[in-house]
Amino acid sequence: MKITVNPKYEHLRPFVERLPQDFDNGGELLHKQRNTVKKFDLGDGLSLNVKRFGKPHFLNRIIYTFFRKSKAYRSYENTFEIAGRGFDVADAVAFIEKKSAGLLSDSFFVSVQLQQVHEIRRYYSGPLDNMAKEVLWEFGKYTAALHDAGIFHPDYSPGNILITNQETSPRRFCLIDLNRVKFGKVSLRKGLRNFERLFIDDDPYLLMAGVYPPMRNQFMPPTETFDYMLKYRNRYIKHRERKNRRKKL
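Each value, and the rule that gives it
- Residues numbered from 1 in each chain as written.
- Predicted model: local features only at pLDDT ≥ 70, side-chain atom pairs only at ≥ 80, totals over all residues.
- Heavy atoms only, no water.
- Phe/Tyr/Trp six-rings, centres within 6.5 Å; stacked < 30°, edge-to-face > 60°.
- Helix = DSSP H or I, 4+ residues; strand = E, 2+ residues; numbered from the N terminus.
- Buried < 20%, exposed > 50% of the residue type's maximum accessible area, 1.4 Å probe, protein only.
- Lys NZ or Arg CZ within 6 Å of the ring centre and 35° of its normal.
- Patch = residues over 30% accessible without salt bridge, like charges linked within 9 Å, V, L, I, M, F, W, Y side chains within 5 Å.
- Areas by Shrake-Rupley, 256 points an atom, 1.4 Å probe, with all protein chains shown as cover.
- Salt bridge = Lys/Arg side-chain N within 4 Å of Asp/Glu carboxyl O.
- Lys, Arg positive; Asp, Glu negative; His and termini not counted.
- Charge placed at Lys NZ, Arg CZ, Asp CG, Glu CD.
- 1 Å grid on protein atoms, 1.4 Å probe; cavity = no way out; pocket = protein on both sides within 12 Å on 5 of 7 lines; lining within 4 Å.
- Points joined across faces, edges and corners; volume = space filled by probe spheres on them.
- Nonpolar A, V, L, I, M, F, W, Y, C, P; charged D, E, K, R; others polar.

K.L.:
So what exactly am I meant to see when it comes to the packing of aromatic side chains here?
P.N.:
Given two aromatic rings, their pairing is described by the distance between the two centres and the angle made by the two planes. If you walk through the whole model with that rule in mind, you get 16 aromatic pairs. On the numbers, 6.1 Å between centres and 25° between planes, the contact of Tyr228 with Tyr232 is stacked. Residue Tyr228 and its partner Tyr232 are located together in helix H7 (residues 222-248), separated by four residues, close to a single helical turn. Take Tyr228 and Tyr232: they sit in the same class, and that class is buried. Three or more aromatic residues joined by ring pairs make a cluster, and in this case those are Phe87, Phe139, Tyr142, Tyr156, Phe173, Phe195 and Tyr212. Over the ring of Phe23 we find Lys38; its NZ or CZ atom is 5.1 Å from the centre of that ring. When the ring centre of Phe152 is taken as reference, the NZ or CZ atom of Lys190 above it lies at 4.5 Å.

K.L.:
Explanation requested: a positive patch on the surface in the structure shown.
P.N.:
On the surface, a cluster of positive charge is contributed by Arg68, Arg180, Lys182, Lys238, Arg242, Lys243, Arg245, Arg246 and Lys247. The biggest single contributor to the positive patch is H7, with six residues. When you line up the elements, Arg180 lands in the loop between strand E11 (173-175) and strand E12 (182-183). Taking relative accessible area as the criterion, Arg180 reaches 39% and is therefore assigned partly exposed.

K.L.:
What is the right way to look at empty space enclosed by the protein in this model?
P.N.:
Space left empty within the atom packing is revealed by a probe, the size of a water molecule, rolled over the atoms. Taken as a whole and judged by the stated rule, the model has one cavity of 30 Å³ or more. The volume enclosed by the largest cavity comes to roughly 40 Å³. If you go around the largest cavity, the residues you meet are Glu196, Arg197, Leu198, Phe199, Ile200, Arg233, Tyr236, Ile237 and Arg240. For the lining of the largest cavity, the residue count by class is five nonpolar, no polar and four charged.

What follows is the structure in structure tokens.
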């Protein structure tokens, strides 16, 4: 079993080392689908978020053992990379890789649980009031800065974008679920496509169309930007519907 602990949190090593044994029977369940997320309260105001990734199928067990970093390893590594580029993330505490018969079986990523945060989706449900427009304008500016810094989150969806100080400007945003984040040049078109999972209604896209390209010092007429955003969104919705139908079958 491989355990890596952030030196800043070395004092939490005993807790981390017990996690593979204690995870099932401890903590508060936050999410359970393919991956399981729990919160562990350690006292003195410190809570940890622990994500156990679903056990890979046999081929991926080979790939993650010999050819590719595990999801837990990438979550840990990407946290430091994003923070190093000047963006907010929850502190990485540790990652664990557990093997069975010489192949990866379970992996865990441990981070500090963020307090007083909300998913960004709460600000654009229904008609956009002045506060929602202000939040979305700042979010467009944030996304442009993220892409200019070469950070691309393939699952840029409401549940993976948190807002910390909600009431006053400038607001701060924080990314989570970082194992799939890519680093490199993000073109304008690729950046526009990155909005495809965010909004159902058209109004937020209309607002983003006037914010995002100028913040990247790129010229594209807002009407053209809006058309691209809706095209990407509609294509994603159709893809998701086809995928759901296949699952039902």
